[in-house]
Amino acid sequence: MASQRPVDLAILDWNLGAGVTGLDVLENLREFSPDIVAVMITGYAHQATPLMAMRLGVRDYLDKNQ
């Protein structure tokens, strides 16, 4: 649990279902681990918002369609 142990790296999918994105999860993780580094995996690269993702600590995107 992120509130009990710091998280150094998060590998997140863009679309987690039920209207939740990996960026939503990353925002929550940053509350407990502000220096977290994240990699976003997505099949929706055209929908991803790179600027917002970079602000939240996403270092790179991996496109599942490539």
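Predicted model only: the values in this text are computed from it and were never measured.

**Q** For this particular structure, what's the right way to read the overall build of the chain?
**A** Secondary structure summary: the chain contains two helices and five strands in total. Counting helices and strands in the order they occur from the N terminus, the chain gives β-β-β-α-β-α-β. Looking at the chain as a whole, 29% of its 66 residues are labelled buried. Sequence-distant contacts, at least 24 apart, represent 49% of the contacts inside the chain between residues at least 6 apart.

**Q** Whenever I open this one, the pattern of salt bridges confuses me. Can you help?
**A** If the charged atoms of two oppositely charged side chains come close together, the side chains can form a pair. In total, this model carries one salt bridge according to the counting rule given. The partner of lysine 64 in a salt bridge is aspartate 13, and the shortest N-O contact between them spans 2.8 Å. On the criterion of sequence distance, the pair formed by lysine 64 in the segment after β5 (58-63) and aspartate 13 in strand β1 (residues 9-13) is long-range, its members being 51 residues apart. Take aspartate 13: its relative accessible area is 23%, and that puts it in the partly exposed class.

Basis of the calculations
Residues numbered from 1 in each chain as written. Predicted model: local features only at pLDDT ≥ 70, side-chain atom pairs only at ≥ 80, totals over all residues. Heavy atoms only, no water. Helix = DSSP H or I, 4+ residues; strand = E, 2+ residues; numbered from the N terminus. Buried < 20%, exposed > 50% of the residue type's maximum accessible area, 1.4 Å probe, protein only. Contact = heavy atoms within 4.5 Å. Salt bridge = Lys/Arg side-chain N within 4 Å of Asp/Glu carboxyl O.

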